[in-house]
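Each chain, letter by letter, is given below.
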Amino acid sequence: MKPTMMDVAALARVSQATVSLILNGSSGARFSEATRKRVLDAAQELGYRLSSRSAASANSNSKVIVFVVDELTTDPWMSLAFEGAREKALELGIRVTLGVFRKDEDPEESIFSICDSQSLVGYIFGTILTRKIDPPEPLFKVPSILVNCYDQQRRLPSIVPGDVAGGRAATERLIAAGCRRIALINGQEGLDNPRDRLRGYKQALASNDLAYDPELVHYGNWEPSSGYEKTHALMKLPDPPDGIFCANDLMALGCIEALKEIGKAIPSDVAVVGFDNRDIAQFTFPPLTTFHLPMFEMGAMAVEMMADIAGGLNSSHDQLKVECRLVERKSA
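Everything quoted here is computed from the prediction, not taken from an experiment. (Residues numbered from 1 in each chain as written. Predicted model: local features only at pLDDT ≥ 70, side-chain atom pairs only at ≥ 80, totals over all residues. Heavy atoms only, no water.)

(A) Seen up close, the overall build of the chain. Helix and strand counts for the chain stand at 11 helices and 12 strands. Looking at the 332 residues of the chain, the share that counts as buried comes to 53%. Sequence-distant contacts, at least 24 apart, represent 70% of the contacts inside the chain between residues at least 6 apart. Split by element, the accessible area of the chain, about 15,600 Å² in all, is 50% carbon and sulfur. (Helix = DSSP H or I, 4+ residues; strand = E, 2+ residues; numbered from the N terminus. Buried < 20%, exposed > 50% of the residue type's maximum accessible area, 1.4 Å probe, protein only. Contact = heavy atoms within 4.5 Å. Areas by Shrake-Rupley, 256 points an atom, 1.4 Å probe, with all protein chains shown as cover.)

Set out below in structure tokens:
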């Protein structure tokens, strides 16, 4: 099989976004020479080449997919999803362009109004947080696919991460490491990801005859500071945890620092598992065992689904849940 950007990222031990920025020569991206060399060497070893633009640009009248996001800069997730969509679209000879639409904007005066004059294959609409949305009206006028969000009435197909299965797998990874009293430092209450990862956590405990203890579940704010604070609180319990599942890698950073501060060895005293597979996860000490948030893959799948719809093949699935795969390192 032809090597992909994911293969290069795995060999070079960086994210797909890093590979894309380096191989595309993005002027605003700053990387060490060592990182740049690892990526270039991995691409050469695998025989990877960026997809040619020639197929997509051969016909100036070719149709386009417009990838619309609600936010692009606060987290890397929509950038990764767009990179996955862009790479897959180039392979298929389709143009893809990017625009931002925020909930307070008028669709008549936004990216949608600009795209009305284009020859559209359709829209991909993505959100930085996994959540239920009321899709903007223009999405119902042409084929449209939701990424990292969903329509409660299932009027549009959607692609979301498998957070329940991911939460269960993360907890089971700690159980496999011998942990029997497992804490969860979760994200903000009321959001979809924390709700679903908690559900998976509870499923794993129940399947392994481990009691659920609400004292072991703390809600944070996705930042290292809350991972740090919640870990200190957990370790002060009369019966503290021997394993901690952090619902994202940034909170896991704070968790690791707190455990070191109180003299706990990782993973022999307390094992730690994160979630997201951010670049920083490989540089913690010890390197963080985590689960990969498949945004790049979800963007690519959305383009494949759009191409199928354009070809008259409508999927019977109104929602696809994509596996969050284990990235094995040394913290658990």
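Now that the structure is up, let's keep going.
(B) Expanded view of the packing of helix α1 (residues 5–12) against helix α3 (residues 33–46). One way to put it is that α1 packs onto α3 with a least axis distance of 9 Å and a crossing angle of 125°. Relative to α3, the element α1 is oriented oblique. You can see that α1 and α3 cross each other, and the crossing is right-handed. Each of Asp 7, Val 8, Leu 11 and Ala 12 in α1 lies in contact with α3, whose residues at this interface are Arg 38, Val 39, Ala 42, Ala 43, Glu 45 and Leu 46. Partitioned by chemical class, the residues of the contact of α1 with α3 number seven nonpolar, no polar and three charged. (Axes fitted to C-alpha atoms, helices over the stretch in contact; angles between N-to-C directions. Parallel < 35°, antiparallel > 145°, perpendicular 65-115°, else oblique. Left-handed = near helix turned anticlockwise from the far one by under 90°. Nonpolar A, V, L, I, M, F, W, Y, C, P; charged D, E, K, R; others polar.)

(C) Looking closely at the nonpolar core. Judged by nonpolar contacts, the single largest core of 64 residues is most densely connected at Phe 67 and Val 272. It is helix α5 (residues 77–92) that provides the largest number of residues to this core, a total of seven residues. Not counting residues within four places of it along the chain, the set of residues in contact with Val 272 comprises Leu 174, Ile 244, Cys 246, Ala 252, Cys 255, Ile 256, Leu 259, Ile 266, Leu 288, Thr 289, Ser 331 and Ala 332. (Core = buried A, V, L, I, M, F, W, Y, C linked by side-chain atoms within 4.5 Å.)

(D) The sheet that holds strand β8 (residues 243–246), seen in detail. Across the sheet, four strands lie side by side as β7-β6-β8-β9; this open sheet has parallel pairing. In the strand order of this sheet, the two ends are held by β7 (217–219) and β9 (271–273), each with one partner. Sheet twist, expressed as the mean angle between neighbouring strand axes with direction ignored, is 15°. Direction of pairing for strand β6 (residues 182–186) relative to β8: parallel, over a ladder of four bridges. Following the sheet pairing, Leu 184 is matched in β8 by Phe 245. (Pairing = 2+ DSSP bridges.)

(E) Representation of α3 within the structure. Along its 14 residues, α3 runs 20 Å from first to last C-alpha, staying within 8% of the 20 Å computed at 1.5 Å per residue. Following α3 by one or two positions, Gly 47 has its phi on the positive side, about 75°. (Expected span 1.5 Å × (residues − 1).)

(F) Layout of the confidence of the model for the chain. On average, the chain scores 88 in pLDDT, and the residues at 70 or more come to 88%. Here residues 52–61 is modelled with pLDDT under 50, and outside its nearest four sequence neighbours on either side it reaches 12 contacts, counting other chains as well. (pLDDT = per-residue confidence, 0-100.)

(G) Structural context of the sheet that holds strand β2 (residues 95–100). Spatially, β2-β1-β3-β4-β5-β11 is the arrangement adopted by the six strands of the open sheet, whose pairing is parallel. Each end of this open sheet is capped by a strand with a single partner; those strands are β2 and β11 (319–322). In this sheet, neighbouring strand axes are inclined to one another by 20° on average, regardless of whether the strands run parallel or antiparallel. Bridge count for strand β5 (residues 158–161) against β11 is four bridges, and the pairing is parallel. In the strand pairing of β11, Ser 158 is matched with Gln 319. The sheet contacts of helix α8 (residues 192–207) involve β3 (120–133) and β4 (144–151), and relative to β3 the element is tilted by about 65°. Across the sheet, helix α11 (residues 295–310) lies against β1 (64–69), β3, β4, β5 and β11, angled at about 145° from β4, the strand it touches most.

(H) Quick peek at the packing of α5 against α11. Packing of α5 against α11 brings their axes to within 6 Å, and their N-to-C directions diverge by 40°. Between α5 and α11, the interaxial angle falls into the category oblique. In this structure, α5 meets α11 at a crossing whose hand is right-handed. Between α5, through Trp 77, Met 78, Leu 80, Ala 81, Glu 83, Gly 84, Ala 85, Glu 87, Lys 88, Ala 89 and Leu 92, and α11, the contact on the second element is made entirely by Met 295, Phe 296, Gly 299, Ala 300, Val 303, Glu 304 and Ala 307.

(I) A look at the pattern of salt bridges. Per the counting criterion, the structure on display carries 20 salt bridges. For Glu 304, the salt bridge goes to Lys 88, with nearest N and O atoms at 3.2 Å. Of this pair, Glu 304 sits in helix α11 while Lys 88 sits in helix α5; the two residues are 216 residues apart in sequence, bridging distant segments of the chain. Judged by its relative accessible area of 35%, Glu 304 is partly exposed. The partner of Arg 155 in a salt bridge is Asp 134, and the shortest N-O contact between them spans 3.8 Å. A residue pair is termed long-range when its members are at least 10 positions apart, and Arg 155 in the loop between β4 and β5 and Asp 134 in the loop between β3 and β4 qualify at 21 residues. Under the relative-accessibility criterion, Arg 155 is labelled partly exposed at 39%. Classification of Asp 134 by relative accessible area gives exposed; the value is 65%. The structure contains a network of salt bridges with shared partners spanning Asp 192, Arg 195, Asp 196 and Arg 199. (Salt bridge = Lys/Arg side-chain N within 4 Å of Asp/Glu carboxyl O.)

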